Amino acid sequence: MQTVRKDIHNSELPILCQSCEARHQGICGAMTSEQLLAISKHTRRVRREPGQEILADAMPIASYANVLKGVVKLTKVLEDGRQQVVGLQFAPDLLGRPFASESRVTAETASDVELCMIPKTALEALMSAGGPVEHRIMMQALRELDEARDWMVTLGRKTAAEKVASFLYLLATHIDPTEETALATFDLPLSRADIADFLGLTIETVSRQLTKLKAEKVIEIANYRHVSINDLTQLRLRCG
């Protein structure tokens, strides 16, 4: 049974938006009830299973997607077929580059994902009017830039142990937008190969570092992908 967040705005919101927790921190949180009602006439909510492509590199952008639940993997592919994971997006991130004619990355679901699809013309018209929505999207873009710079430090200066700890801490603090604190348990949305790609490590090194964290009682791993964090403070300290 879905629960609806109790706040003073629910009676004025479109029905589709009332039970959406992602809207409070995402771009929809900057919209008035009138703007939400207007844009909801064009949006649609979709669910995608892991491994499905949402956007393709160099393909025209027809719509944007607000991530409501799950993890989206962003990749770049070289001409010879080699792939690099360049980022992860979580709720309530906006998927797609505003005012761009084509995508600059491939976006693929890394877990079960729920998305709110917004036509390109509808969102860009709202942004062109200025105000809180444009400001919220700009702040998200700047946050993603800051996170990309932080990740450059992770890739360039941190040890293998610090990289794996940083990856787990990233998931714990971002994977569920309805939680105000870090999650103690979650499923890894990436395979060992994708984690290695994302961190610039080998698969063997990733597995070795996860085993080490488990042996030191910082985490537990069940069924290869289900992670339980026993000591979040210790995990954060190991991020470097």
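Residues numbered from 1 in each chain as written. Predicted model: local features only at pLDDT ≥ 70, side-chain atom pairs only at ≥ 80, totals over all residues. Heavy atoms only, no water.

## Overview of the sheet that holds strand S1 (residues 44–48)
Next up, step 1: Spatially, the four strands line up as an open sheet ordered S1-S8-S3-S6, and their pairing is antiparallel. Two strands lie at the open edges of the sheet, namely S1 and strand S6 (94–95), each paired on one side alone.
Next up, step 2: Relative to strand S8 (residues 113–119), S1 runs antiparallel, the two sharing five bridges. Each bridged residue has a counterpart across the sheet, and for Arg-47 the counterpart in S8 is Glu-114. (Pairing = 2+ DSSP bridges. Helix = DSSP H or I, 4+ residues; strand = E, 2+ residues; numbered from the N terminus.)

## Digging into the packing of aromatic side chains
Next up, step 1: According to the stated counting rule, one finds two aromatic pairs in the structure shown.
Next up, step 2: Taken together, a centroid distance of 4.8 Å and an interplanar angle of 15° make the contact between Trp-151 and Phe-198 stacked. Of the two residues, Trp-151 sits in helix H4 (residues 132–157) while Phe-198 sits in helix H6 (residues 192–199), which places them 47 residues apart along the sequence.
Next up, step 3: In this structure Trp-151 comes out as buried when scored by relative accessible area, which is 16%. (Phe/Tyr/Trp six-rings, centres within 6.5 Å; stacked < 30°, edge-to-face > 60°. Buried < 20%, exposed > 50% of the residue type's maximum accessible area, 1.4 Å probe, protein only.)

## Points about the packing of helix H5 (residues 160–174) against H6
Next up, step 1: With their axes 10 Å apart at the nearest point, H5 and H6 run at an angle of 110° to one another. Regarding the angle of H5 to H6, the classification is roughly perpendicular. The handedness of the crossing between H5 and H6 is right-handed. Counted together, Lys-163, Val-164, Phe-167 and Leu-170 of H5 and Ile-195, Phe-198 and Leu-199 of H6 form the full contact between these two elements.
Next up, step 2: Of the residues contributing to the contact of H5 with H6, the split by class is six nonpolar, no polar and one charged. (Axes fitted to C-alpha atoms, helices over the stretch in contact; angles between N-to-C directions. Parallel < 35°, antiparallel > 145°, perpendicular 65-115°, else oblique. Left-handed = near helix turned anticlockwise from the far one by under 90°. Contact = heavy atoms within 4.5 Å. Nonpolar A, V, L, I, M, F, W, Y, C, P; charged D, E, K, R; others polar.)

## Considering the packing of H4 against H5
Helix packing geometry: the angle between the two helix axes and the distance between the axes.
Next up, step 1: At their nearest, the axes of H4 and H5 sit 10 Å apart, and the two run at 155° to each other. Comparing their axes, H5 and H4 come out roughly antiparallel. Pair H4 / H5 crosses with left-handed handedness. Along the contact surface, H4 presents Glu-147, Trp-151, Thr-154 and Leu-155, while H5 presents Lys-163, Ser-166, Phe-167 and His-174.

## Let's talk about the nonpolar core
Next up, step 1: In this structure, Leu-88, Phe-167, Leu-168, Phe-186 and Ile-219 are the most contacted members of the largest nonpolar core, which totals 33 residues.
Next up, step 2: Taken together, the elements giving at least two residues each to this core come down to strand S5 (83–90), H5, H6, helix H7 (203–215), strand S10 (219–222) and strand S11 (226–229).
Next up, step 3: Element by element, the count of residues in this core is highest for H5, at seven residues.
Next up, step 4: The two domains that each donate at least three residues to this core are domain 1 (44–152) and domain 2 (158–237).
Next up, step 5: In this structure Leu-88 touches Val-71, Val-72, Lys-73, Phe-167, Leu-170, Leu-171, Leu-190 and Phe-198, once residues within four positions along its chain are discounted. (Core = buried A, V, L, I, M, F, W, Y, C linked by side-chain atoms within 4.5 Å. Domains from an automatic or database assignment.)

## Considerations on the domain arrangement of the chain
Next up, step 1: Considered domain by domain, the chain is made up of domain 1 (44–152) and domain 2 (158–237).
Next up, step 2: Of note, the centres of domain 1 and domain 2, computed from C-alpha atoms alone, are 23 Å apart.
Next up, step 3: Of the residues lining the interface, 15 residues belong to domain 1; the matching set on domain 2 comes to 13 residues.
Next up, step 4: Across the interface of domain 1 and domain 2, roughly 1,300 Å² is buried in total on both sides, 66% from carbon and sulfur atoms.
Next up, step 5: Of all residues in domain 1, Leu-88, Phe-90 and Trp-151 bury the most surface against domain 2, accounting for 45% of the area lost on that side.
Next up, step 6: Joining domain 1 to domain 2, the criterion identifies one salt bridge.
Next up, step 7: A salt bridge links Asp-194 to Lys-73; the shortest N-O distance between them is 2.8 Å. (Buried area = accessible area lost by both parts, 1.4 Å probe. Salt bridge = Lys/Arg side-chain N within 4 Å of Asp/Glu carboxyl O.)

## Overview of the side chain of Ser-103
Next up, step 1: Note that Ser-103 resides in the loop between S6 and strand S7 (106–109).
Next up, step 2: The exposure class assigned to Ser-103 is buried, which follows from its relative accessible area of 5%.
Next up, step 3: A polar atom in the side chain of Ser-103 sits 2.5 Å from the backbone oxygen of Val-105.
Next up, step 4: Ignoring sequence-local partners within four residues, the contact set of Ser-103 consists of Leu-55, Ala-56, Asp-57, Ala-58, Met-59 and Ile-61. (Polar contact = N/O pair within 3.5 Å; in protein donor to acceptor, adjacent residues only side chain to side chain.)

## As for the pattern of salt bridges
Next up, step 1: As enumerated under the stated definition, the model contains nine salt bridges in all.
Next up, step 2: A salt bridge links Asp-80 to Arg-82; its shortest N-O distance comes to 2.8 Å.
Next up, step 3: Classification of Arg-82 by relative accessible area gives exposed; the value is 54%.
Next up, step 4: With its nearest N and O atoms 2.8 Å apart, the salt bridge here joins Asp-93 to Arg-143. Pair noted here: Asp-93 is in the loop between S5 and S6 and Arg-143 is in helix H4, with a separation of 50 residues, a long-range link.
Next up, step 5: Through salt bridges with shared partners, one network takes in Lys-73, Glu-108 and Asp-194.

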